[in-house]
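Residue-level structure breakdown
Here are the chains, one letter per residue:
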Amino acid sequence: MLQVTWKYDAYLEKKFDTRSYDSFLILYSAADNGVEYPLLMNDSKNSLISGKQYVNIPEHRKEATYEVYLFFVVSYGGGNTDSLHLGKIKV
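Residues numbered from 1 in each chain as written. Predicted model: local features only at pLDDT ≥ 70, side-chain atom pairs only at ≥ 80, totals over all residues. Heavy atoms only, no water.

1. Brief notes about the environment of N42
Turning to its location among the elements, N42 is positioned in the loop between β3 (39–41) and β4 (46–47). For N42, a relative accessible area of 8% corresponds to the buried category. Once residues lying within four places of it in the same chain are set aside, the contact partners of N42 are S23, F24, L25, Q53, Y54 and V55. A polar contact of 3.1 Å, which involves the side chain of N42, links it to the backbone nitrogen of L25. Separated by 3.3 Å, the side chains of N42 and Q53 make a polar contact. (Helix = DSSP H or I, 4+ residues; strand = E, 2+ residues; numbered from the N terminus. Buried < 20%, exposed > 50% of the residue type's maximum accessible area, 1.4 Å probe, protein only. Contact = heavy atoms within 4.5 Å. Polar contact = N/O pair within 3.5 Å; in protein donor to acceptor, adjacent residues only side chain to side chain.)

Printed below as a string of structure tokens:
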């Protein structure tokens, strides 16, 4: 399991009204080399306020490299609000 945590910023909440935002953690393998699981994402969304998100990583038969992204989305369907590329992870 990969868990990502962050400190929620009350100043930005007030400035951009982010209290109702949700977060999604996504791992994406851009390499076209037969990766068993090219896309992994969390089973359920967490609110931005929770300060954490995780994704289960199934056991792989061979090594795979994933790009890790965290998306912040308005929970009432207003669209994508922001995203962060957190780097790469090898599993």
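We are not done yet, so read on.
2. Side note on a nonpolar patch on the surface
Together, Y11, L12 and F16 make up a nonpolar patch on the protein surface, roughly 330 Å² of accessible area in all. You can call L12 partly exposed: its relative accessible area is 34%. (Patch = residues over 30% accessible without salt bridge, like charges linked within 9 Å, V, L, I, M, F, W, Y side chains within 5 Å. Areas by Shrake-Rupley, 256 points an atom, 1.4 Å probe, with all protein chains shown as cover. Salt bridge = Lys/Arg side-chain N within 4 Å of Asp/Glu carboxyl O.)

3. Focus on the layout of surface pockets
Considered as a void within the structure, the largest pocket measures approximately 350 Å³ in volume. For the largest pocket, the lining is made up of 17 residues, of which L12, T18, L48, F72 and D82 are closest to its centre. Every element with two or more residues in the lining of the largest pocket is listed here: α1 (10–16), β6 (65–74) and β7 (80–90). It is β7 that provides the largest number of residues to the lining of the largest pocket, a total of 4 residues. Here the residues of the lining of the largest pocket sort into 11 nonpolar, 2 polar and 4 charged. (1 Å grid on protein atoms, 1.4 Å probe; cavity = no way out; pocket = protein on both sides within 12 Å on 5 of 7 lines; lining within 4 Å. Points joined across faces, edges and corners; volume = space filled by probe spheres on them. Nonpolar A, V, L, I, M, F, W, Y, C, P; charged D, E, K, R; others polar.)

4. Considering the packing of aromatic side chains
One pair of aromatic rings is described through two measures. These are the centre distance and the angle between the planes. Applying the stated criterion to the full structure yields 2 aromatic pairs. Their ring planes at 85 degrees and their centres at 5.9 Å tell us that W6 and F72 sit as a pair that is edge-to-face. Separated by 66 residues along the polypeptide, W6 in the loop between β1 (2–5) and α1 and F72 in strand β6 bring together distant segments of the chain. Across this residue pair, the class does not change: W6 and F72 are buried. (Phe/Tyr/Trp six-rings, centres within 6.5 Å; stacked < 30°, edge-to-face > 60°.)

Such coordinate-based values are descriptive only and should not be taken to indicate function.
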